[in-house]
Amino acid sequence: MREAQEVQLHIMGITNQCSTAAPPQTRSYRRWIRISIYTVFLLVGQTVALLLGRLYFVKGGNSKWMATLVQLAGFPVLIPFYLISTTKKPRTDDSQIKSPSIKTLALVYVSIGLLVAADCFLYSVGLQYLPVSTYTLICASQLAFNSLFSFFLNAQKFTPFIINSLVLLTISSILLVFNNESSDGTAGVSRAKYAIGFTCTVAASAGYGLVLSLTQLCFNKVMKRQTFKVVVDMIIYQQIVATSVIVVGLFASGDWKGLTGEMDGFEMGKVSYVMNLVGTAISWQAFAIGCVGLIFDVSSLFSNAISVLGLPIAPVVAVFVFNDKMGGVKAISMVLAIWGFISYAYHHYLEDRTKKRYADEVSKAPMPET
């Protein structure tokens, strides 16, 4: 009963703030415009980056460290957005929130940056050894991992629709274990390397789910500010850390010595080699803006669900670009992955309707007499 009263008072407070700032319809309209823009950035960036990343390996690229570096090193393209965001005056309610200490922010950025570096490297290994279709379908399991971590870190509640989504996505990934298409679009890849690629992609999906949940936790418990600058800060600083780690790995492994020869031997030519890396870097930054923006405006699970929704796009395109085969097992796996996403999206729709109905009831209820 006490919790219900606290929720009611919280919603009443939000309603009063909205009435003094802007009409609820206007705020909701602007919010959904932001969500739509973030969604486009995420879907387009993810699809283009995956295809360009696979093209790098197919046409002669062989450095896992370079493939990982381009996922992170494009953050300078966000600096203009950062400069624009710092010129805007903070809202009144944001200016009253105490900023976290530099030590706390450094701990957040370094911790998440290290996780991102390891995660991107695992993804690069998976993308090198697996067909795009198999790779993206395995990545659908990241929603299940994200739900699990959000349960412990962000008090995410499990409903029948979420459980159904997790089961479907898990089965979708397990089916690919029995998929005997290691040579599909990956000429010269042995079964051992196929198994390594599969394992690394599953591990990367788990790591990605953890990163998203931690990011949401930091937004809610540490940052506590609803500004675009906070979003850009999170992307830039964690990627500075991750990029530094990967650069050290690139030189420590000796891969940098073979980059000149790799460029010369690239099947599509030197210019295409450079354009591939640049295009991949920019695409991943577009994905990062959309991903972190959705975490900021909605939740890490919603961001991940949109990412999973976009995963089937890459396999379909890969059938035409890389001649990947879409066998029966992959087709069933894709259907289950899409079904799993729809189940989660429906849960979110029902939850949103329930909150809106309750807020309307509270706003119409008579104020208690004093």
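In this text the structure is predicted, and so the values were computed from the model without any measurement. Every residue gets a number counted from 1 within its own chain, in the order that chain's sequence is written. Local features are withheld for residues below a pLDDT of 70 in this predicted model, meaning they are given only at 70 or higher, and side-chain atom pairs are given and counted only at 80 or more; totals for whole chains, interfaces and linings count all residues. As a rule here, side-chain values cover all heavy atoms of the structure and leave hydrogens and water aside.

1. What to know about the packing of helix α11 (residues 228–253) against helix α13 (residues 270–297)
For the pair α11 and α13, the least separation of the axes is 9 Å and the interaxial angle reads 130°. Taken together, the axis directions place α11 and α13 in an arrangement best described as oblique. For the element pair α11 and α13, the recorded crossing hand is right-handed. Taken together, the residues of α13 that come into contact with α11 (itself represented by V231, M234, I235 and Q239) are Q285, A288, I289, V292, G293 and F296. Axis lines are fitted through C-alpha atoms, for helices just across the contact stretch, and the angle between N-to-C directions can take any value from 0 to 180 degrees. A helix here means a DSSP run of H or I that spans at least four residues, while a strand means a run of E at least two residues long, and both kinds are numbered starting from the N terminus. Note on angle classes: values under 35 degrees are labelled roughly parallel, values over 145 roughly antiparallel, values of 65 to 115 roughly perpendicular, and the remainder oblique. By definition, turning the near helix anticlockwise from the far helix through less than a right angle yields a left-handed crossing, and turning it clockwise yields a right-handed one. The criterion used for residue contact is that any of the two residues' heavy atoms lie within 4.5 Å.

2. Digging into empty space enclosed by the protein
Two kinds of site are reported from a 1 Å grid over the protein atoms alone, namely cavities, where a 1.4 Å probe fits but cannot get out, and pockets, open sets with protein on both sides within 12 Å along at least five of seven lines, and residues are called lining when an atom falls within 4 Å of a point. Grid points are joined across faces, edges and corners, and a volume is the space filled by probe spheres set on the points. A full pass over the atoms with the stated rule returns 3 cavities of 30 Å³ or more. Around the largest cavity, the lining comprises 26 residues; the ones closest to its centre are D119, C120, Y208, W284 and F287. Looking at the lining of the largest cavity, the elements that each hand over two or more residues are α2 (24–58), α3 (64–72), α6 (102–129), α7 (132–139), α10 (191–223), α11 and α13. Of the residues forming the lining of the largest cavity, the biggest block, 6 residues, is contributed by α13. Under this grouping Gly is polar, as are all residues other than the nonpolar Ala, Val, Leu, Ile, Met, Phe, Trp, Tyr, Cys and Pro and the charged Asp, Glu, Lys and Arg. For the lining of the largest cavity, the class distribution of residues is 18 nonpolar, 7 polar and 1 charged. Looking at the second largest cavity, its volume works out to about 110 Å³. Along the walls of the second largest cavity sit 16 residues, with G53, A67, Q71, L127 and T280 positioned nearest its centre.

3. Thoughts on a nonpolar patch on the surface
Without a salt bridge and with relative accessible area above 30%, a residue can belong to a patch; like charges are then joined within 9 Å and nonpolar side chains (Val, Leu, Ile, Met, Phe, Trp, Tyr) within 5 Å. Per-residue accessibility takes into account occlusion by the displayed protein chains alone, with areas from the Shrake-Rupley method and a 1.4 Å probe. We count a salt bridge whenever a side-chain nitrogen from Lys or Arg sits within 4 Å of a carboxyl oxygen from Asp or Glu. A cluster of nonpolar side chains, Y29, I33, I37, V40, F41, V44 and V48, forms an exposed patch at the surface whose accessible area comes to about 610 Å². Judged by relative accessible area, I37 falls into the partly exposed class, the value being 44%. For every residue, the accessible area (1.4 Å probe, protein chains only) is compared with the maximum for its type, and the residue is labelled buried under 20%, exposed over 50%, or partly exposed between those bounds.

4. Observations regarding the environment of Y135
Along the polypeptide, Y135 turns up in helix α7. Taking C-alpha positions, Y135 is 8.5 Å from G197, a pair spaced 62 residues apart along the chain. Apart from the residues within four sequence positions on either side, Y135 is in contact with L50, Y123, G126, L127, L130 and T201.

Distances and angles like these do not, on their own, reveal function.
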